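Here are the chains, one letter per residue:
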Amino acid sequence: MLSVGLVGVRGHLVEVEADVASGLPLVALSGLPDTALHEARDRVRAAIVNSGQAWPNRRITINLLPASLPKSGSGFDIAVACAVLAGAGELPLAALHGVVVVGELGLDGRVQPVRGVLPMVLAAIRAGIRRVVVPQANAAEAALVPGVTVRGTDTLHRLIGFVRGSERLLDPPAGPPLEPVAGPDLADVVGQGVGRRAIEVAAAGNHHLAMMGPPGAGKTMLAHRLPSILPDLDDEAALEVTALYSIAGTLPAGAPLLRRPPLQAPHHSASVPALVGGGSGLARPGALSLAHRGVLFLDEAPEFSPRALESLRQPLEQGAVSLRRTQGETTFPARVQLVLAANPCPCAKPAGDQVCECTALARRRYLGRLSGPLLDRIDIQVGLDPLTTAVLLDEHLVQEPSAVVADRVAKARAAAVARWAEPGWRSNAEVPGPVLRSAGWRLPRSVLLPVRQLLDRGELSARGYDRVLRLAWTIADLAGRDRPDRGDVCEATELRRGELR
Ligand SMILES: [Zn+2]
């Protein structure tokens, strides 16, 4: 029997073989870790008996190949059950030749859905297999993969009947495709010129973003609207992202391929495994990987534990999370755009409220929790002011909808991709500082004057200088200019106001 095992986000073909010989009744199972072995053996035996079949009371050896592949989860149950019945001479397997079969068995013989069906089917396709049988509850998800014939089954009884030619497998449910739910739109945000501009530049250059400001400054509203101005995911990215939600078990039933960049906003009390992934058995991706190709938003970022913040550092650098597992290492992709929001002080009183009694030291300490490795990677650091009544009442204020901004972002991104085509960088955020300071890309002295002055006065760090350069290129891309001018550089320094303060 053919099945698929998952390691991280990647599926691997697994062969399940069974030998039934005379001898004392015994089940030996190899190629599985001990705990899963016992569970699978008991589940499969009960399911076979409760599907009206006889359990062969002989010496049964079950083997899962390749032995070197770490295997977890319960998706091998059906394949094991069929292999045992075939080994006992009860079931001719010709009908399942060249078919990948995945599914967990309940004790009563019902077939239970499993996590990660989408990457499993992708693995089958990669191995040249075009037919799969999956739990009926996972059939719609399996059918998202183009070029594969999907059949579902709800019970082991049905599958056995199909093999013997007396039953039919089920077609994937053909329900109406769900309309993608429109996320929040920038048109809902009143005012917030600086904040709007910050997320537009962040989106255009794929820059990480930190927003400092009192409650009511719109930080959360803006962060939740960043995905609405990012481009759609291409085919490859859509499959990657959907596969991660499939493994997490949070893909809505009947949902189409996820085409929009996701947003994850874990609470500051989230544990490290919730953030980066983990759990027993088949590892679950954390918020960081569920935000892959999208936005990871840490609201009230200084409230996250130092351990949690530290756990993000390496994955942000590598674009992937490595989890240490009992059976070896598991890797999930994690290329995210990071957005941090922070109140200026621990009491989080609205600005202008006289009740805040936080000392300057307390405020520095509070934001200091973010400094260091994490904040170091963030190009845009802006301070946001709370909305004034005058702005709220201004009827002439233009509130651009997300679609208009997304259009500018797409053009700017295309310009950056074209410029860096040779080294292969996909956005300005990826360009190393030394490249921007090298002969080919150095900007004239007159253009750099505003940022040189800050540097000379010690108000900007050397690293901050490179970040200003990167932002200036993105701002020029948004304006449709070939090269940044002095105005672009000026605006770029404004987007480092958080550091300058
Ligand atoms: Zn305070």
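Residues numbered from 1 in each chain as written. Predicted model: local features only at pLDDT ≥ 70, side-chain atom pairs only at ≥ 80, totals over all residues. Heavy atoms only, no water.

Asker: So what's going on with the pairing of strand β18 (residues 380-383)? Residues and values would help.
Answerer: In β18, alternate side chains face the same way, and those of Ile380 and Val382 on one face and Gln381 and Gly383 on the other are all buried. Taken together, the four bridges between strand β10 (residues 209-212) and β18 define a ladder with parallel strand orientation. Each bridged residue has a counterpart across the sheet, and for alanine 210 the counterpart in β18 is glutamine 381. (Buried < 20%, exposed > 50% of the residue type's maximum accessible area, 1.4 Å probe, protein only. Helix = DSSP H or I, 4+ residues; strand = E, 2+ residues; numbered from the N terminus. Pairing = 2+ DSSP bridges.)

Asker: Describe helix α3 (residues 117-126), and please don't skip the residues or the numbers.
Answerer: Along α3, eight of the ten residues are buried, which leaves the element largely enclosed by surrounding structure. Those residues of α3 lying buried are Val117, Leu118, Pro119, Met120, Val121, Ala123, Ala124 and Ile125. On its buried face, α3 sits against β1 (2-7), β2 (10-21), β5 (99-101), β8 (131-135), α4 (139-142) and α8 (235-248). Positive phi shows up at glycine 128, right after α3, with a value of about 85°. (Contact = heavy atoms within 4.5 Å.)

Asker: Please provide a residue-by-residue account of the pattern of salt bridges, values included.
Answerer: Scanning the entire structure with this criterion turns up 23 salt bridges. Salt-bridge contacts for aspartate 188 lead to arginine 225; the nearest nitrogen and oxygen are separated by 3.1 Å. One end of the pair, aspartate 188, is in the loop between α5 (156-164) and α6 (193-205); the other, arginine 225, is in helix α7 (residues 219-225), and 37 residues separate them in sequence. A salt bridge links arginine 408 to glutamate 400; the nearest nitrogen and oxygen atoms lie 2.8 Å apart. Take arginine 408: its relative accessible area is 27%, and that puts it in the partly exposed class. (Salt bridge = Lys/Arg side-chain N within 4 Å of Asp/Glu carboxyl O.)

Asker: Just give me the short version of the layout of surface pockets, but keep the residues and values in it.
Answerer: Its boundaries defined by the atoms lining it, the largest pocket holds a volume of some 1100 Å³. Lining the largest pocket are 33 residues, with Asn206, Arg335, Arg426, Ser427 and Glu430 sitting closest to its centre. Listed by contribution, the elements that provide at least two residues to the lining of the largest pocket are α8, α11 (306-318), α14 (402-419) and α17 (462-479). At four residues, the largest contribution of residues to the lining of the largest pocket is made by α14. Partitioned by chemical class, the residues of the lining of the largest pocket number twelve nonpolar, eight polar and 13 charged. (1 Å grid on protein atoms, 1.4 Å probe; cavity = no way out; pocket = protein on both sides within 12 Å on 5 of 7 lines; lining within 4 Å. Points joined across faces, edges and corners; volume = space filled by probe spheres on them. Nonpolar A, V, L, I, M, F, W, Y, C, P; charged D, E, K, R; others polar.)

Asker: I'd like to hear about the nonpolar core, residue by residue, with values.
Answerer: With 64 residues, the main nonpolar core has Leu296, Leu298 and Leu340 as its most contacted residues. Per-element tally for this core: the top contributor is α8, with eight residues. Each residue touching leucine 340, except ones within four places of it in the same chain, is listed here: Leu209, Ala210, Met211, Phe297, Leu298, Ala301, Leu370, Leu375 and Ile378. Ala204, Leu209, Leu222 and Val339 belong to the second largest nonpolar core, which has 49 residues in total. (Core = buried A, V, L, I, M, F, W, Y, C linked by side-chain atoms within 4.5 Å.)

Asker: Kindly report on unusual backbone geometry, identifying the contributing residues and their values.
Answerer: Residue leucine 65 is joined to proline 66 through a cis peptide bond whose omega torsion reads 0°. Inspection of the secondary structure puts proline 66 in the loop between β4 (59-65) and α2 (77-87). For asparagine 206, which is not glycine, the phi torsion reads 60° and is therefore positive. Residue position: asparagine 206 is located in the loop between α6 and β10.

Asker: So what's going on with empty space enclosed by the protein? Residues and values would help.
Answerer: Inspection of the entire model under this criterion finds one cavity of 30 Å³ or more. Taken as a whole, the largest cavity encloses approximately 40 Å³ of empty space. Val4, Val100, Val102, Val117, Met120, Val121, Val132 and Val134 together form the lining of the largest cavity. Of all elements in the fold, only α3 and β8 reach the threshold of two or more residues within the lining of the largest cavity. Sorting elements by how many residues they give to the lining of the largest cavity places α3 first, with three residues.

Asker: Run through the sheet that holds strand β11 (residues 263-264), naming residues and quoting values.
Answerer: The strand order across the open sheet built from five strands is β11-β14-β17-β10-β18, with neighbouring strands paired in parallel fashion. One side of each edge strand has no neighbouring strand; the edge strands of this open sheet are β11 and β18. With four bridges joining them, β10 and strand β17 (residues 337-342) adopt parallel strand pairing. Pairing of alanine 210 across the sheet is with leucine 340, part of β17.

Asker: Let's hear about the environment of leucine 93: which residues, and what values?
Answerer: By the element assignment, leucine 93 lies in the loop between α2 and β5. A relative accessible area of 24% places leucine 93 in the partly exposed class. Sequence separation of leucine 93 and arginine 164 is 71 residues, and the distance between their C-alpha atoms is 8.7 Å. Once you skip the residues sitting within four places of it in the chain, leucine 93 turns out to touch Met1, Cys82 and Ala86.

Asker: For the environment of cysteine 358, give the residues involved together with the corresponding values.
Answerer: Mapped onto the elements of the fold, cysteine 358 is located in the loop between β17 and α12 (360-368). Counting along the chain gives 14 residues from cysteine 358 to proline 344, while the straight-line C-alpha distance between them is 9.8 Å. Residues in contact with cysteine 358, not counting those within four places in the same chain, are Cys345, Pro346, Cys347 and Arg363.

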